[in-house]
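Fold and contact review
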Amino acid sequence: MAVTEALDKRRATIEDYLRIARLDHATKHIFVLPGIALAWLLRGVQSTDVVFSVVLGFVCVVCIASANYVINEWLDRDFDRHHPTKSARAAVQAELQGRYVFLLWAVLAAIGLQAAATASGTMFAVALVFLSQGVFYNVRPLRTKDRPYLDVVSEAINNPLRLMIGWAMIDPTSLPPFSIIAAYWVGGAFLMAAKRYSEYRQIVASHGRDLLVRYRRSFAGYTESALLISCFVYALLAVSALAVFFVKYRIEYMIAFPVLIAMFGQYLSLSMGDDSAAQKPEKLYREKKLLAIVAALSVVFVVFTFVDVPALESLASQHFIELQ
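This write-up is about the structure you can find in this document. (Residues numbered from 1 in each chain as written. Predicted model: local features only at pLDDT ≥ 70, side-chain atom pairs only at ≥ 80, totals over all residues. Heavy atoms only, no water.)

1. Some words on the environment of W40
For W40, the position within the fold is in helix α2 (residues 33–42). Along the sequence, W40 and D171 sit 131 residues apart, while their C-alpha atoms lie 7.9 Å from each other. Leaving out residues up to four positions away in the same chain, W40 has contacts with V45 and I170. (Helix = DSSP H or I, 4+ residues; strand = E, 2+ residues; numbered from the N terminus. Contact = heavy atoms within 4.5 Å.)

2. Topic: the side chain of S271
With respect to the helices and strands, S271 occurs in helix α13 (residues 257–271). With sequence-adjacent residues up to four places away left out, S271 is seen in contact with A194, Y197, S198, R201, S276 and A278.

3. Points about helix α10 (residues 178–207)
Between its terminal C-alpha atoms α10 stretches 42 Å, which fits the 44 Å expected from 30 residues at 1.5 Å a residue. Of all 30 residues in α10, 22 are buried; the element is thus mostly enclosed. (Expected span 1.5 Å × (residues − 1). Buried < 20%, exposed > 50% of the residue type's maximum accessible area, 1.4 Å probe, protein only.)

4. Things to note about the environment of M164
Examined against the element boundaries, M164 turns out to sit in helix α9 (residues 158–170). Distance in space between the C-alpha atoms of M164 and V51 is 17 Å, their sequence separation being 113 residues. Not counting chain neighbours up to four residues away, the residues in contact with M164 comprise V126, L175, P176 and I181.

5. Here's the deal with the packing of aromatic side chains
Applying the stated criterion across every chain, the model contains 15 aromatic pairs. Seen in terms of ring centroids, Y17 and Y100 are 6.0 Å apart; in terms of plane orientation they differ by 90 degrees. Their pairing is edge-to-face. Taken together, the residues Y17 in helix α1 (residues 14–19) and Y100 in helix α6 (residues 98–119) connect sequence positions 83 residues apart. For Y17, a relative accessible area of 15% translates into the label buried. With centroids separated by 5.0 Å and ring planes inclined at 85 degrees, the aromatic side chains of Y253 and F301 adopt a geometry described as edge-to-face. On the criterion of sequence distance, the pair formed by Y253 in the loop between α12 (224–249) and α13 and F301 in helix α14 (residues 288–306) is long-range, its members being 48 residues apart. Using a relative accessible area of 7% as the deciding quantity, one classes Y253 as buried. Feature note: the residues F245, F246, Y249, Y253, F257 and F301 constitute an aromatic cluster, connected by ring pairs. The ring of W74 carries R77 above its face, with NZ or CZ at 3.7 Å from the centroid. (Phe/Tyr/Trp six-rings, centres within 6.5 Å; stacked < 30°, edge-to-face > 60°. Lys NZ or Arg CZ within 6 Å of the ring centre and 35° of its normal.)

Put into structure tokens, the structure is as follows:
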């Protein structure tokens with residue numbers, strides 16, 4: 001049951017402050033790995049000390065993400081108390097002190113930015129955007145999370161930023177092609193829209209739409225069908241951007257499309273269930289069917305990174321079916 005009445009908060013502990021950093025969400029940083037792999041395949045190792053750069057990159061992404069989570073949970077505490085499960089968060093239940101919350105944010109941000117700056121100027125620039133996104137998303141007067149559709153697009157930018165940090169670990173002299181950045185961005189938007197679709201269906205059914213809007217203002221501009229359609233649109237845009245990338249850089253990856261489409265379909269199917277893992281992406285490792293599809297997709301990418309299929313080259317040139 002959502003907590004809608006005034007709370008008698010307990011005294012905060014050190015554990016409560018650590019909880020708002022959400023270090024258990026580190027599984028989301030798996031999106032860094034394709035950046036590492038793509039930079040290695042397309043550009044080769046350009047970093048002078050790649051092992052050190054990789055370590056610094058992961059320190060950067062973990063600390064910056066946790067800094068963003070700190071202000072997210074602190075500034076959302078009066079809204080999260082209306083949510084059926086987020087009302088159990090530390091910032092809702094415990095009497096946290098703002099000065100300590102800001103100190104935690106500053107320390108995490110400083111560590112993350114310093115790690116990025118030590119690695120390379122490119123990583124530092126991306127990390128700075130990553131940190132700024134947390135401010136734009138959570139802090140008034142911008143607070144993009146309160147605006148329909150902009151909330152999804154602005155949160156989804158974290159995905160390509162993770163990709164770029166992974167890329168900078170291997171090659172700090174360039175950035176990934178725009179096509180793969182765009183695919184990561186709109187692919188992330190699909191994930192965020194599916195999360196909202198799942199929340200909308202579940203909370204409206206159990207507690208009503210008014211409570212949902214009190215939890216997150218952006219839901220006032222959504223309907224269930226609009227969220228479902230947006231998932232479909234984001235998935236199409238992601239596949240379109242990937243098609244451009246595959247044709248230009250490794251056409252053999254086109255063979256992965258059926259598995260990619262199955263992955264989008266399975267994820268959307270997950271979002272339609274009660275207490276869906278789509279609402280808690282850090283728990284997706286428990287979804288066996290989705291993991292099986294991801295594993296199959298990984299195998300396809302690995303195999304066709306090294307296996308050439310010359311017949312596919314014809315897809316990149318003009319051909320006509322002659323009738324005479």
